[in-house]
Amino acid sequence: AQSVTQLDSHVSVSEGTPVLLRCNYSSSYSPSLFWYVQHPNKGLQLLLKYTSAATLVKGINGFEAEFKKSETSFHLTKPSAHMSDAAEYFCVVRTDSWGKLQFGAGTQVVVTP
Amino acid sequence: IAGITQAPTSQILAAGRRMTLRCTQDMRHNAMYWYRQDLGLGLRLIHYSNTAGTTGKGEVPDGYSVSRANTDDFPLTLASAVPSQTSVYFCASSDGTANTGELFFGEGSRLTVL
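Residues numbered from 1 in each chain as written. Chains lettered and ligands numbered in written order. Predicted model: local features only at pLDDT ≥ 70, side-chain atom pairs only at ≥ 80, totals over all residues. Heavy atoms only, no water.

Asker: With reference to specific residues and values, describe the sheet that holds strand E7 (residues 64-66) of chain B.
Answerer: Residue and element names in this part refer to chain B. One open sheet holds the 4 strands; their spatial order is E1-E3-E8-E7, and the pairing between them is antiparallel. Because the sheet does not close on itself, it has two edges, and the strands there are strand E1 (4-7) and E7. Averaged over all neighbouring strand pairs, the angle between strand axes comes to 20 degrees, with direction disregarded. One ladder, built from 4 bridges, connects E1 with strand E3 (residues 19-25); its direction is antiparallel. Residue Gln6 lies in a different strand from E3, and its bridge partner there is Cys23. (Pairing = 2+ DSSP bridges. Helix = DSSP H or I, 4+ residues; strand = E, 2+ residues; numbered from the N terminus. Axes fitted to C-alpha atoms, helices over the stretch in contact; angles between N-to-C directions.)

Below, the structure is given as structure tokens:
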């Protein structure tokens, strides 16, 4: 079975500093992995996805993630945080070919001036 | 604007009452899903439908039912609401192909059961 674990429930960063959100996955085969973002009182939006092509995946708003099979990780990074990055972020693994997803518990990101 | 429409956006409901959350998509996606979001638990799948006329149970299906009479609509029904069903409910859809796997989400329905 596929699953993901987000290692931090809350991350606080200063504006202009790097952001790192950690995610480990468990899968018996090469997984499809995603990062979704949820701004307050909004639905979820896809940030980026890994589907066994390039291991470094670039997404929207300057985010990127690197798939590391040896570490079973898919950490999300951004070089310089912006106030608008304050949101909840979910690491997600696809569990079947129809698109069913398993969500991590989420990481709440706070950006301070 | 194309996408997923959910209704109502918010509802307060007495325990024991029946409630249907509506979900409509205009992207002609085959697959649709209902998730509930609770603090610290992320999103958990309630029910899903891979194509019109078929449905399946997700991780937390008890107390909920769905139907998929056509491609566009996927209502979620709580036959007799209980306080533990207080949550934010998200409907989502995908094209169901292996090429994307991306889900498109509605903006959620906040349900409070008293």
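Now, onward.
Asker: Describe the interface of chain B and chain A, with residues and values.
Answerer: The partner chain A presents 22 residues to the 28 residues of chain B that form the contact. Summing the contributions of chain B and of chain A, the shared interface buries around 1900 Å²; its carbon and sulfur component is 51%. The largest contributions to the chain B side of the interface with chain A come from B:Leu43, B:Phe105 and B:Glu107, which together make up 22% of the buried area. The interface formed by chain B and chain A contains 1 salt bridge. As a salt-bridge pair, A:Lys42 and B:Glu107 come within 3.9 Å of each other at their nearest N and O atoms. (Contact = heavy atoms within 4.5 Å. Buried area = accessible area lost by both parts, 1.4 Å probe. Salt bridge = Lys/Arg side-chain N within 4 Å of Asp/Glu carboxyl O.)

Asker: So, unusual backbone geometry: which residues are in play, and what are the values?
Answerer: For residues besides glycine, phi is generally negative; the peptide bonds are generally trans as well. In this structure, the amide linkage connecting B:Ala7 to the following residue, B:Pro8, adopts the cis form with an omega of -5 degrees. Locating B:Pro8 in the fold gives a position in the loop between E1 and strand E2 (10-13). Look at A:Asn41: it is not a glycine, yet its phi comes out positive at around 60 degrees. Assessed through its relative accessible area of 66%, A:Asn41 is described here as exposed. One non-glycine residue, A:Asn61, adopts positive backbone phi at about 60 degrees. By the secondary structure assignment, A:Asn61 is in the loop between strand E7 (56-58) and strand E8 (64-68). Residue class for A:Asn61 comes out partly exposed when judged on its relative accessible area of 49%. (Buried < 20%, exposed > 50% of the residue type's maximum accessible area, 1.4 Å probe, protein only.)

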